[in-house]
Amino acid sequence: QIKDRMALAEKDNLMDAVTQFEATVREKDAELERLKREVGDTRQAARREESLMMSAWHDLGMQAQHRSLANMHHHLNLRGGGGDGGAASWLMQQRRLSRLKGDR
């Protein structure tokens with residue numbers, strides 16, 4: 001009977017250990033799923049931030065380009081290019097140069 005009781009106690013201990021191990025596995029699986037969702041959310045937020053930063057840089061670049069073109073247009077007009085825009089101003093300059101060369 002003592003051997004039977006010891007065998008039963010060992011079996012109970014083993015069953016308790018298995019049950020505890022299974023509970024630990026379930027907890028770890030739940031934590032793993034939570035962490036996977038968190039990583040996915042973090043990656044999505046990072047992509048959104050990257051997109052917003054790229055858009056902001058693009059907008060800043062476009063604004064700088066527009067300012068530069070406006071300044072160039074303004075300077076060309078001040079040199080007597082008229083209000084026809086950069087291409088017309090360049091064309092008028094070429095005509096003036098051609099006339100000056102023809103006057104010689």
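Draft legend 1. View of the overall build of the protein. A count of helices and strands for the protein gives two helices and zero strands. Within the protein, the fraction of its 104 residues that count as buried is 5%. Roughly 9600 Å² of accessible area belongs to the protein as shown, and the carbon and sulfur atoms make up 58% of that amount.

Draft legend 2. Looking closely at a nonpolar patch on the surface. Taken together, the side chains of M53, W57 and L60 present a nonpolar region at the surface, about 390 Å² in accessible area. When you line up the elements, W57 lands in helix α1 (residues 2–81).

Draft legend 3. Expanded view of the pattern of salt bridges. Inspection of the entire model under this criterion finds two salt bridges. Between K36 and E33 there is a salt bridge, with the nearest N and O atoms lying 3.9 Å from each other. Pair noted here: K36 and E33 are both in helix α1, with a separation of three residues, about one helical turn. Residue R34 is joined to E38 by a salt bridge in which the shortest nitrogen-to-oxygen separation is 3.2 Å. Here R34 pairs with E38, and both are found in helix α1, just four residues apart, close to one helical turn. Among the residues examined, E38 registers a relative accessible area of 43% and is labelled partly exposed.

Here is what the cut-offs are and how they apply
- Here the residue numbering is sequential within each chain, running from 1 through the sequence in written order.
- Two thresholds apply to this predicted model, a pLDDT of at least 70 for residue-level local features and 80 or more for giving and counting side-chain atom pairs, whereas whole-chain, interface and lining totals are computed over all residues.
- Values reported for side chains reflect all heavy atoms of the structure, with hydrogen atoms and water molecules removed beforehand.
- Elements are defined by DSSP. Helices are runs of H or I of four residues or more, strands are runs of E of two residues or more, and each kind is numbered from the N terminus.
- Here the term buried applies to any residue with accessible area under 20% of the maximum for its type, exposed to any over 50%, and partly exposed to those in between, with areas from a 1.4 Å probe on protein chains only.
- Throughout, the Shrake-Rupley method with a 1.4 Å probe supplies accessible areas, and for residues the shown protein chains are the sole cover considered.
- Surface patches are defined over residues having more than 30% relative accessible area and no salt bridge, joining like charges when they lie within 9 Å and nonpolar side chains (Val, Leu, Ile, Met, Phe, Trp, Tyr) when within 5 Å.
- Note on definitions: salt bridges are taken to be side-chain nitrogens of Lys or Arg within 4 Å of carboxyl oxygens of Asp or Glu.

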